[in-house]
Amino acid sequence: MLLAAVLGIWGVVGYKIISTINPPEPEIVTQNFDMAFSPNINTQVDTFSIQKVNRDPFLGTFLGSNKKKSTQKTSNKSKENWVPVIYHGSISKQNTKNKVFIVSINGQQYPMKMGQSINEVKLIKGNSDNILVSYKGERKTIAKT
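Since the model is a prediction, treat every value here as computed from it, not as a measurement.

Undergrad: Got a sec to walk through the overall build of the chain? Specific residues and values, please.
TA: If you tally the helices and strands in the chain, you get 2 helices and 7 strands. For the chain, the N- to C-terminal ordering of α and β elements is α-α-β-β-β-β-β-β-β. By the burial criterion, 14% of the 145 residues in the chain qualify as buried. Taking the contacts inside the chain whose residues are at least 6 apart along the sequence as the reference set, 25% of them involve residues at least 24 apart.

Written out as structure tokens, the structure is:
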């Protein structure tokens, strides 16, 4: 009687293991669709307009500068006599306030400090946005490119 109970229990355990490892395959039923796909074409055009935003969404401050931009008037003669000068930016050490400005004069890049003169172009002052240079006695503000 004990032997029959042990064999019955082990038989049930073995059946569970085998049925879990090899499950019966599901029956696949195929359906025949005779309809053709014809999507609906939406001909309605979505329109929108872009408007200027006057308020910064993160800070809540109004955009728009209250600064007045100063422009220096130069005659046509002075523009013809100027050599091509392009301001690329500035570099400086973290612990010092001395800045070195990267300036292209006639296609050549030069590192310039305040008051330095290269090819008759003298750097008078500058910041991260623009520099003021002098060439043959005439001054010109050049913006960063």
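Undergrad: I'd like to hear about helix 1 (residues 2-21), residue by residue, with values.
TA: The end-to-end C-alpha separation of helix 1 is 29 Å, in line with the 28 Å expected for 20 residues at 1.5 Å each. Where burial is concerned, little of helix 1 is hidden: 0 out of the 20 residues are buried.

Undergrad: So, the sheet that holds strand 2 (residues 99-105): which residues are in play, and what are the values?
TA: Overall, antiparallel pairing links the 3 strands, which are arranged 1-2-3 in an open sheet. Looking at which strands have only one partner, the edges of the open sheet turn out to be strand 1 (85-92) and strand 3 (108-112). Direction aside, the axes of adjacent strands within the sheet are offset by 20° on average. In terms of strand pairing, strand 1 meets strand 2 through 7 bridges, oriented antiparallel. Within the sheet, the bridge partner assigned to Tyr87 lies in strand 2 and is Val103.

Undergrad: I'd like a description of the environment of Val83, backed by residues and values.
TA: By the secondary structure assignment, Val83 is in the loop between helix 2 (76-81) and strand 1. Relative accessible area serves as the criterion here: at 16%, Val83 is assigned to the buried category. Taking the C-alpha atoms as reference points, Val83 and Asn119, 36 residues apart in sequence, are found 9.2 Å from one another. When near neighbours in sequence (up to four residues on either side) are disregarded, Val83 contacts Ile105, Asn106, Val121 and Tyr135.

Undergrad: So what about the confidence of the model for the chain? Which residues, and what values?
TA: Taken as a whole, the chain shows an average pLDDT of 83; of its residues, 86% reach a score of 70 or greater. Element-level mean pLDDT values for the chain span from 56 in helix 2 up to 95 in helix 1.

Definitions and limits used
Residues numbered from 1 in each chain as written. Predicted model: local features only at pLDDT ≥ 70, side-chain atom pairs only at ≥ 80, totals over all residues. Heavy atoms only, no water. Helix = DSSP H or I, 4+ residues; strand = E, 2+ residues; numbered from the N terminus. Buried < 20%, exposed > 50% of the residue type's maximum accessible area, 1.4 Å probe, protein only. Contact = heavy atoms within 4.5 Å. Expected span 1.5 Å × (residues − 1). Pairing = 2+ DSSP bridges. Axes fitted to C-alpha atoms, helices over the stretch in contact; angles between N-to-C directions. pLDDT = per-residue confidence, 0-100.

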